[in-house]
Amino acid sequence: MSLIQVQGVTKTFHSLSEEVTPIRDLDLVVGKGEFVVLMGPSGSGKTTLLHLLAGIDRPTSGRVLVAGEDVSAMNASQLARWRTRAVGYVFQQYNLIPVLTAFENVEVPLLLLRLSRREREAKVATALAAVGLSDRVHHLPRQLSGGQQQRVAIARAIVADPVVVFADEPTGNLDRTAAALTMQLLRRLVDEFGKTLVMVTHDPVAAQAADRVVHLDKGQIVDEVLDA
Ligand SMILES: Nc1ncnc2c1ncn2[C@@H]1O[C@H](COP(=O)(O)OP(=O)(O)O)[C@@H](O)[C@H]1O
Ligand SMILES: [Mg+2]
């Protein structure tokens, strides 16, 4: 069953003097519970594509359907609500709020939902336990290693129980050991928690964890490598 359908999507950015089209007439289907890796040279449109899939940005033409909802047709406030409910996003630079503890960072997405304090606390505790950080709940980001900060960011991405998680070079800032741990964790999101995961990476080792690798070049899919 497909969870994500990208149909003839083009994205053009207009600036004062020029036009850039990082995604050009792209089609892609991602199955429910699938772990897909996007690879490609710098500037090939990987981040732009993730933004379109996650409803952070809207296509210039074409459609993006996620779990039957037409993300490309939503207005800004519909998109914001949909993202809170349906999407988790993990960044290369973790993007944690420096003055908030691990607990408070993970709690942020829940503040947009109608939950009691008790329900929020239970969900945050579950998410931090899932990433193995139950003993770092009250630490600030600067008191955590890069790998631990990325695990807090993953907890934040899953705390609202989204159907799909996007990760943009999540191991790009990590050493080998922390990267391997992060990849194990992301793989578990798919295997144990049934999440669908789309991840951009440059790291061939990280890509091995995926079910399927999609190669992007100049805004188009150039080939697909099926894992045996
Ligand atoms: N908001 C934007 N405005 C203008 N150009 C952009 C914007 N976002 C991305 N681009 C351009 O689109 C191209 C693809 O960028 P990106 O998707 O970030 O590539 P990748 O993640 O594969 O390195 C680049 O040429 C980049 O400069
Ligand atoms: Mg990028």
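Look a little higher up for the structure.
Treat the numbers as computed from the prediction; the structure is a model and nothing was measured. (Residues numbered from 1 in each chain as written. Chains lettered and ligands numbered in written order. Predicted model: local features only at pLDDT ≥ 70, side-chain atom pairs only at ≥ 80, totals over all residues. Heavy atoms only, no water.)

Chemist: I tried to follow the pairing of strand S8 (residues 196–200) on my own but got confused; where do I start?
Modeler: Regular strands show a simple pattern: their side chains alternate between the two faces of the sheet. For S8, the tally of buried residues reaches five of five residues, placing the bulk of the element in the interior. Side chains Thr196, Val198 and Val200 project from S8 onto one buried face, and the interleaved Leu197 and Met199 project onto a second face that is buried too. The sheet contact formed by strand S3 (residues 35–39) and S8 spans four bridges and is parallel. Looking at S8, one finds that Val37 is bridged to Met199. One crossover worth recording links strand S7 (residues 164–168) to the parallel S8 by way of helix H6 (residues 176–191), and it is right-handed. (Buried < 20%, exposed > 50% of the residue type's maximum accessible area, 1.4 Å probe, protein only. Helix = DSSP H or I, 4+ residues; strand = E, 2+ residues; numbered from the N terminus. Pairing = 2+ DSSP bridges. Right-handed = clockwise from strand over helix to strand, strands pointing away.)

Chemist: Looking at this structure, how should I read the nonpolar core?
Modeler: Soluble globular proteins tend to pack their nonpolar side chains together in the buried interior. Residues Phe35, Val37, Val106, Leu128 and Met199 are the most contacted members of the largest nonpolar core, which totals 42 residues. Among the elements of the structure, S3, helix H3 (102–107), helix H4 (117–130), helix H5 (146–158), S7, H6, S8 and helix H7 (204–207) are those that each provide at least two residues to this core. Sort the elements by how many residues they give to this core and H6 lands first, with seven residues. Not counting residues up to four positions away in its chain, the partners in contact with Val37 are Met199, Thr201, Ala207, Ala210, Arg212, Val213 and Val214. One finds Ile23, Ala54, Val200 and Val214 within the second-largest nonpolar core, a separate group that totals 30 residues. (Core = buried A, V, L, I, M, F, W, Y, C linked by side-chain atoms within 4.5 Å. Contact = heavy atoms within 4.5 Å.)

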